[in-house]
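So the chains spell out like this:
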Amino acid sequence: MAKTYVRSKDVFINCPFDASYKPIFNAIVFAVCELGFRARCALEIDDAGDTRLDKITRIIGECKYGIHDISATELNPAIHLPRFNMPLELGLFLGCKRYGSPSQRSKSLLILDREPYRYRNFISDVSGQDIHAHGADPNRAIIEVRNWLASKGGILPGGATIQKRYARFLTMLPAMCQALALDSDDLTFTDLSWVVNRWLISAR
Amino acid sequence: MPSSTYHVMPAKKGWALRKAGATDSKTFTTQREAIEDARKHLTSAPGQIVIHNADGNIRDVEFHKLPKIQSPPRISRFKARKIDRAVTSIVFDPRFSLST
């Protein structure tokens, strides 16, 4: 098995990928990129030869940092079951940190939820980790991500500055998508990462 | 931490130095002169200099007191150029000028 190298600038984003969560996901991706890190998630590869779990474990192995949003824990009204993907990926990340090589043990994670202390009702074993609430507000998610990454060292732009830049980015996003003949709702993660990257390089 | 982005781009005659969000630009005979002038603007303030190729695509970026932007997941060169052009065209679109 090939050795996995932990990349000190890579941030694994573990969150729901549905439309209702997209505003928070996009804000987190923007903040991570703006702060000089690389956003990674399971959506970045479309390789039929890779099973989803292989893909996720490889990306988790390569990322020094992880942002895990456990806010989507409600029962699906149709099947009366919650979604377990986010807690599973959080467990994989914690497992790497706990049992991995010395570089894997240097991993650091931020857990996000909608409300403070809500996690105690459904995943109380994560107590003691860095858990913060974003209140389902993209701007608050930006502040949480910024403050957490700023605690890892380096002088980083402030949360208010990133919020302002993100607001400006959002005003230009429909026009950028139009120029690419894309619908902003249909942007893939890779497309979004590139548009964010090029916009930050061109306009921040 | 407000910052500025300066683009060194090909112009009709020589090279233009253009600040993102601004509608006007300054022209230089060589690309080097334009880069040097951009650096003077960033001696104390945070910002970045985006250096374009003669064909308009981004060749290099200098970061001054700002975190270096990491490269995103790999895509084809063709698609990367397409995104480059689309984003640059909107950044310099007068509708999004910072003065308006």
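Note that the coordinates shown come from a computational prediction; the quantities given were computed from them, not determined experimentally.

Thresholds, definitions, all that
- Residues numbered from 1 in each chain as written.
- Chains lettered and ligands numbered in written order.
- Predicted model: local features only at pLDDT ≥ 70, side-chain atom pairs only at ≥ 80, totals over all residues.
- Helix = DSSP H or I, 4+ residues; strand = E, 2+ residues; numbered from the N terminus.
- Rg over C-alpha atoms; globule rule 2.2 N^0.38 Å.
- Axes fitted to C-alpha atoms, helices over the stretch in contact; angles between N-to-C directions.
- Parallel < 35°, antiparallel > 145°, perpendicular 65-115°, else oblique.
- Left-handed = near helix turned anticlockwise from the far one by under 90°.
- Contact = placed C-beta atoms within 7 Å.
- Nonpolar A, V, L, I, M, F, W, Y, C, P; charged D, E, K, R; others polar.
- Pairing = 2+ DSSP bridges.
- Buried ≥ 20, exposed ≤ 12 C-beta atoms within 10 Å, placed from the backbone.
- Expected span 1.5 Å × (residues − 1).
- pLDDT = per-residue confidence, 0-100.

1. Considerations on the overall build of chain B
Thinking step 1. When you go through chain B residue by residue, the secondary structure sums to 2 helices and 5 strands.
Thinking step 2. Ordered by position from N to C terminus, the α and β elements of chain B give β-β-β-α-β-β-α.
Thinking step 3. Taking 100 residues into account, the globule formula puts the C-alpha radius of gyration at 13 Å, and chain B, at 14 Å, falls close to it.
Thinking step 4. C-alpha atoms of chain B, sized along the principal axes, occupy 35 × 35 × 30 Å.

2. Side note on the packing of helix H1 (residues 22-34) of chain A against helix H7 (residues 189-203) of chain A
Residue and element names in this part refer to chain A.
Thinking step 1. Viewed as axis vectors pointing N to C, H1 and H7 meet at an angle of 45 degrees, and their least axial separation amounts to 10 Å. By the angle between their directions, the pair H1 and H7 is classed as oblique. Here H1 and H7 pass one another in a crossing that is right-handed. Between H1 and H7, the contacting residues are Asn 26, Val 29, Phe 30, Cys 33 and Glu 34 on the first element and Leu 192, Ser 193, Val 196, Asn 197 and Leu 200 on the second.
Thinking step 2. Of the residues in the contact of H1 with H7, the class split is 6 nonpolar, 3 polar and 1 charged.

3. Things to note about the sheet that holds strand E5 (residues 58-64) of chain B
All names here are of chain B.
Thinking step 1. The strand order across the open sheet built from 5 strands is E3-E2-E1-E4-E5, with neighbouring strands paired in mixed fashion. Of all strands in the sheet, those with a lone pairing partner are strand E3 (26-28) and E5, marking the two edges. Put simply, the sheet's adjacent strands are angled 20 degrees from each other on average, direction ignored.
Thinking step 2. Summarising the sheet, strand E4 (residues 47-52) and E5 pair through 6 bridges and their orientation is antiparallel. When the bridges of E5 are listed, His 52 appears paired with Ile 58.

4. Some words on the sheet that holds strand E3 (residues 63-69) of chain A
Consider a sheet: its strands pair through backbone hydrogen bonds, and that pairing is either parallel or antiparallel.
Residues and elements named next belong to chain A.
Thinking step 1. Spatial strand order, E2-E1-E3-E4-E5: 5 strands in an open sheet with parallel pairing. In this open sheet, the two strands that pair with only one neighbour each are strand E2 (38-40) and strand E5 (131-133). The sheet shows a mean angle of 25 degrees between the axes of neighbouring strands, taken without regard to direction.
Thinking step 2. Bridging between strand E1 (residues 7-14) and E2 involves 3 bridges; their strand directions are parallel. What sits directly across from Asp 10, in E2, is Arg 38.
Thinking step 3. Each of E1, E3 and strand E4 (108-113) touches helix H3 (residues 85-99); the most contacted strand, E3, lies at about 155 degrees to it.

5. Description of the interface of chain A and chain B
How large an interface is tends to be reported as the accessible area lost when its parts come together.
Thinking step 1. Contacts between chain A and chain B engage 29 residues on the former and 27 residues on the latter.
Thinking step 2. Of all the secondary structure elements, the ones that give two or more residues to the side of chain A that touches chain B are helix H6 (159-179) and H7 of chain A.
Thinking step 3. If one sorts the elements of the side of chain A that touches chain B by residue count, H7 of chain A sits on top with 11 residues.
Thinking step 4. Split by residue class, the side of chain A that touches chain B holds 16 nonpolar, 8 polar and 5 charged.

6. Overview of unusual backbone geometry
All names here are of chain A.
Thinking step 1. Here the phi dihedral of His 80 falls at roughly 55 degrees; this positive angle occurs in a residue that is not glycine.
Thinking step 2. A tally of 7 C-beta atoms within 10 Å means that His 80 is categorised as exposed.
Thinking step 3. Positioned with a positive phi, Tyr 117 is a non-glycine residue whose angle comes to about 65 degrees.
Thinking step 4. Here Tyr 117 shows up in the loop between E4 and E5.
Thinking step 5. Overall, the presence of 11 C-beta atoms within 10 Å leaves Tyr 117 in the exposed class.

7. Comments concerning H1 of chain A
Residues and elements named next belong to chain A.
Thinking step 1. Along its 13 residues, H1 runs 18 Å from first to last C-alpha, staying within 8% of the 18 Å computed at 1.5 Å per residue.
Thinking step 2. Burial within H1 is extensive, with 11 of its 13 residues counted as buried.
Thinking step 3. Close packing links the buried residues of H1 with E1, E2, E3, helix H5 (138-150), H6 and H7.
Thinking step 4. One or two residues past the end of H1 sits Gly 36, with phi positive at roughly 90 degrees.

8. Notes on the environment of Val 61 of chain B
Thinking step 1. Relative to the helices and strands, Val 61 of chain B is located in strand E5.
Thinking step 2. Non-local contacts of Val 61 of chain B, meaning those with residues more than four positions away in its chain, are made with Ile 201 of chain A together with Gln 48, Ile 49 and Val 50 of chain B.

9. Some remarks on the confidence of the model for chain B
Residue and element names in this part refer to chain B.
Thinking step 1. Averaged over every residue, the pLDDT of chain B is 90; the share at 70 or more is 97%.
Thinking step 2. Across chain B, the element-wise mean pLDDT spans from 91 in helix H2 (residues 77-91) up to 96 in E3.
Thinking step 3. What the predictor reports for the complex is a pTM of 0.92 with an ipTM of 0.90.

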